[in-house]
Amino acid sequence: MNDIKVAVLGGEGVGKSALIVRFLTRRFIGEYASSSECIYRKRMSVDGRQLNLELYDPCSQPREGKSTLNEQIHWADGFVVVYDISDRASFITATAIVHLIRELNLGAAKRESESVVFLVGNKQDLCHMREVGKDEGQRLATDGRCQFYELSAAECYQEVALMFTKLVRNASLSGKAKERRRRPSGSKSMAKLINNVFGKRRKSV
Ligand SMILES: Nc1nc2c(ncn2[C@@H]2O[C@H](COP(=O)(O)OP(=O)(O)OP(=O)(O)O)[C@@H](O)[C@H]2O)c(=O)[nH]1
């Protein structure tokens, strides 16, 4: 069975956990305890194929032993980079993350094709407080070769579910995931990396 690893990255309080929990449980929960990073696991069927999805939710608080952004980027097959449309600072953070992912892609071995990156402007329900134009999000997505979505974890399950499902489908077809499947000898070091980076902490929903 295929394993697909997705990291949900972005600035503090942009709604990373809200998006993940919405996708996994269909529910929007107002507040989340976010004192530690964790990996959620879900078994999915996409286009008739069974996939094991691992969804990484980072912790924004500084913590000893916390994984670095570089480690998170190397770990994942695909990324959701999130910003809050009512918070310009979060868009600047998202811009830096997209650029870093693309830089690391360039530095990676040539056999690895580009990672799949979806850029998400969350909290669309707060558009009366909008600080980031939709055209700015679209431009960043075009520059960073990302798919772009504006949505609301608070208000819309369907769009969130469609976005994650499409990301998983694209990531499963990407060169990076295929490369990992073709090279079982690499799985040992990858498992070691995951344990080093994330410890044994995993969650199922
Ligand atoms: N209005 C609105 N609020 C949202 C939405 N998504 C998340 N929030 C709120 O934004 C706050 C932060 O949400 P989290 O999901 O904890 O954000 P996070 O990015 O995981 O936060 P950290 O892990 O602390 O960086 C919470 O109060 C959520 O209720 C949304 O779509 N609309």
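Residues numbered from 1 in each chain as written. Predicted model: local features only at pLDDT ≥ 70, side-chain atom pairs only at ≥ 80, totals over all residues. Heavy atoms only, no water.

- Going by what an unreviewed UniProt entry lists, the protein chain is known as small monomeric GTPase and is assigned to Pangasianodon hypophthalmus.
- What the UniProt record of the protein chain gives under Sequence similarities (unreviewed entry) is the line "Belongs to the small GTPase superfamily. Ras family." (UniProt positions renumbered as here; feature names shortened; annotations may be inferred.)

## A word on the environment of Glu103
Phase 1 of the analysis: Positionally, Glu103 belongs in helix 3 (residues 88–107).
Phase 2 of the analysis: Along the chain, Glu103 and Ile4 lie 99 residues apart, while their C-alpha atoms are 22 Å from each other. (Helix = DSSP H or I, 4+ residues; strand = E, 2+ residues; numbered from the N terminus.)

## Re the packing of aromatic side chains
In this description, an aromatic ring pair is defined by two values, namely the gap between the centres and the angle between the planes.
Phase 1 of the analysis: Within this structure, the stated rule accounts for four aromatic pairs.
Phase 2 of the analysis: The interplanar angle of 20° and the centroid separation of 4.7 Å between the aromatic rings of Phe23 and Phe164 together place this pair among those described as stacked. Residue Phe23 is found in helix 1 (residues 16–25), and its partner Phe164 is found in helix 5 (residues 157–173); the two are separated by 141 residues along the sequence.
Phase 3 of the analysis: Its relative accessible area of 6% is what places Phe23 among the buried residues.
Phase 4 of the analysis: Ring geometry for Tyr83 versus Phe91: centroids 4.8 Å apart, planes at 70°, classification edge-to-face. When sorted by exposure, Tyr83 lands in the same class as Phe91, which is buried. (Phe/Tyr/Trp six-rings, centres within 6.5 Å; stacked < 30°, edge-to-face > 60°. Buried < 20%, exposed > 50% of the residue type's maximum accessible area, 1.4 Å probe, protein only.)

## Remarks on unusual backbone geometry
Phase 1 of the analysis: A positive phi is found at Arg26, a non-glycine position, where the angle reads about 70°.
Phase 2 of the analysis: By secondary structure assignment, the location of Arg26 is in the loop between helix 1 and strand 2 (38–46).
Phase 3 of the analysis: With relative accessibility at 55%, the residue Arg26 sits in the exposed group.
Phase 4 of the analysis: One non-glycine residue, Asp47, lies in the positive phi region at around 55°.

## Points about the site of the ligand
Phase 1 of the analysis: As a structural note, the neighbourhood of the ligand is formed by 21 residues, with Lys16, Ala18, Gly30, Ser60 and Asp125 the closest of them.
Phase 2 of the analysis: At 3.0 Å, a backbone N or O of Gly13 approaches an oxygen atom of the ligand.
Phase 3 of the analysis: Ala153 has a polar backbone atom sitting 3.0 Å from an oxygen atom of the ligand.
Phase 4 of the analysis: Burial of the ligand by the protein chains amounts to 86% of its free accessible area of 650 Å².
Phase 5 of the analysis: Per-element tally for the shell around the ligand: the top contributor is helix 1, with three residues.
Phase 6 of the analysis: A per-class count over the shell around the ligand returns seven nonpolar, nine polar and five charged. (Near = heavy atom within 4 Å. Polar contact = N/O pair within 3.5 Å; in protein donor to acceptor, adjacent residues only side chain to side chain. Areas by Shrake-Rupley, 256 points an atom, 1.4 Å probe, with all protein chains shown as cover. Nonpolar A, V, L, I, M, F, W, Y, C, P; charged D, E, K, R; others polar.)

## Topic: the pattern of salt bridges
Phase 1 of the analysis: Under the definition given, this model contains nine salt bridges.
Phase 2 of the analysis: A salt bridge links Arg41 to Glu54; the shortest N-O distance between them is 2.5 Å. In this pair, Arg41 sits in strand 2 while Glu54 sits in strand 3 (residues 49–57), placing the two residues 13 residues apart along the sequence.
Phase 3 of the analysis: Given the relative accessible area of 3%, Glu54 is considered buried.
Phase 4 of the analysis: Across the salt bridge formed by Arg130 and Glu150, the nearest N and O atoms sit 2.8 Å from each other. (Salt bridge = Lys/Arg side-chain N within 4 Å of Asp/Glu carboxyl O.)

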